[in-house]
Amino acid sequence: MRRTLLTIITLVALLTPQIQTSAQSGDATWLEGIDGLQTAIGRSWMAPMQEVTESTVTELNDLGTPISSTTTVSTPEPVEESEILMLSALVFELDSAKHANEALQLMNAEQVSQLERDPRAPEMNEFLPENLGDMAYGHEGSYPAPGMDVDLAVVYLMVQDGPYVYQTFGMFQSGDHIGIATGIAEDMIAAEPGDGDPIYDVAGISTGGNWEILNAIELDMSEGSFVNDLEVYPVDPNSVIGDSQVVPQIDLTDLAAIPGLSGSWSVTYQSHALTELVGSPVASPDGVYNIELWVLEFSDPTNASAAAFAMDVALTEPLGVVSTEGSGFETRDGETGITLINTGFVRDRALPEGDAATVVTVTGTTVYAARVYANGPAPTPLAQKLVQHMVDTEPGSDTEVVDGTVATGGMWTKFPASGSELVAGLEVIVVLPSAPPVATPN
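As the structure is a computational prediction, the values presented were derived from the model and not from experiment. (Residues numbered from 1 in each chain as written. Predicted model: local features only at pLDDT ≥ 70, side-chain atom pairs only at ≥ 80, totals over all residues. Heavy atoms only, no water.)

**Some remarks on the sheet that holds strand β7 (residues 135–144)**
Reasoning step 1: Taken in spatial order, the seven strands line up as β6-β7-β8-β9-β5-β2-β10 in an open sheet, and their pairing is antiparallel. Edge positions in the sheet fall to β6 (125–127) and β10 (226–233), since each has one partner strand and no second. Shown here is a sheet whose adjacent strand axes are inclined to one another by a mean of 15 degrees, direction ignored.
Reasoning step 2: Here strand β8 (residues 151–161) pairs with strand β9 (residues 164–173) via 10 bridges, running antiparallel. Paired with Val155 across the bridge in β9 is Gly170.
Reasoning step 3: Against the sheet, helix α3 (residues 177–190) contacts β5 (84–94), β6, β7, β8 and β9, and its axis sits at roughly 30 degrees relative to β8. (Pairing = 2+ DSSP bridges. Helix = DSSP H or I, 4+ residues; strand = E, 2+ residues; numbered from the N terminus. Axes fitted to C-alpha atoms, helices over the stretch in contact; angles between N-to-C directions. Contact = heavy atoms within 4.5 Å.)

**A look at the environment of Gly419**
Reasoning step 1: As for its position among the elements, Gly419 is in the loop between β20 (407–408) and β21 (427–433).
Reasoning step 2: Taking the relative accessible area as the measure of exposure, Gly419 reaches 36% and is therefore partly exposed.
Reasoning step 3: For the pair Gly419 and Gln270, spaced 149 residues apart in sequence, the C-alpha separation works out to 9.4 Å.
Reasoning step 4: When sequence neighbours within four positions are dropped, the list of residues in contact with Gly419 reads Gly425, Leu426 and Glu427. (Buried < 20%, exposed > 50% of the residue type's maximum accessible area, 1.4 Å probe, protein only.)

**Details of the side chain of Thr316**
Reasoning step 1: You can see Thr316 is positioned in the loop between α6 (301–315) and β15 (319–332).
Reasoning step 2: Residue class for Thr316 comes out buried when judged on its relative accessible area of 3%.
Reasoning step 3: One polar contact links the side chain of Thr316 to the main-chain carbonyl oxygen of Val313, over a distance of 3.0 Å. (Polar contact = N/O pair within 3.5 Å; in protein donor to acceptor, adjacent residues only side chain to side chain.)

Next up, the structure:
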């Protein structure tokens, strides 16, 4: 299966949280826990939108809590408006109606749980569509658009009909958003799978098999809208960038298995408050409470670039409603680099509630990554500052010394000191040098 870089970035942001690949566990996905699941495919549409320009300043107070203030710099006139701003439609095929009903229950429970844990979600109301499939669940909520005289609405709608589960997630101009989402679900239920073999095309023009169910959806979208298809399940282990480079699935506990890796270094910083909270049902610690940093060195820039995108997916695995705050290509000292920035709320119940930010940068043959957790606004500026510090700091010339919690010399010089202001006073709890990398497959 071929995927462009834009596809990887866009679909992670657009598709609903429960169907994202769980790259941290290697080749596993959240969907592998659903009994009887045969296939899952998705299509997304995004209308061209003119965003309000804002200036955001984030500072850390004495407790290390990120405090953000946002000022509207300009409020442009809205472009030609479309009722549908963004939509994702998914088709899950199971081996029986019984398993499809069980899958619907599981998906709905997961969706409700994630919405409850997401501090940025608007107030959601449940609605139960009538005469729609064998069983259906719906959730909708509205909120004012920043700097614009319109309200936006989001709708999650999941329907089970026979051995299929249909799911729509959309962002609309507030109004008939429930009716639009319901009509889309009705179109999918009424459609028949194609007789021909499925032919996947990432540009939103896939045909055959269950793709014909998505082809039955006709949307009145603005000119210049972006359409994208994704094979959700089973996950193809041979997805590639462009025409040649394999994007590896990264297990953060086994970095040595990444193709082309020649060395890796990782440090975790944590607050004493978090250490005391582990296994205790008390409130989360204030401010930034956990920081993880990585430096990965590769044999060539191609493997480094592929690993950067895979690392980006792995780092966002414990997060829900992931949004890409910035991504792109830049040049440092004549070298082309990639920077990927994401935020999301913490849906992993093994961690305290809050938000997290991830930043991945690749320059030449080196990948730098940070994941920062905070009980408060997403600490994106701190994550960016930490990555920039690692990029700018030269490796030490001394012999590297590692004992599990202390590391000095060599590449370890790139990491901030334990308890320093740069890491909000958090202290190192573990350092992880890489094991010898495995042989790179041909």
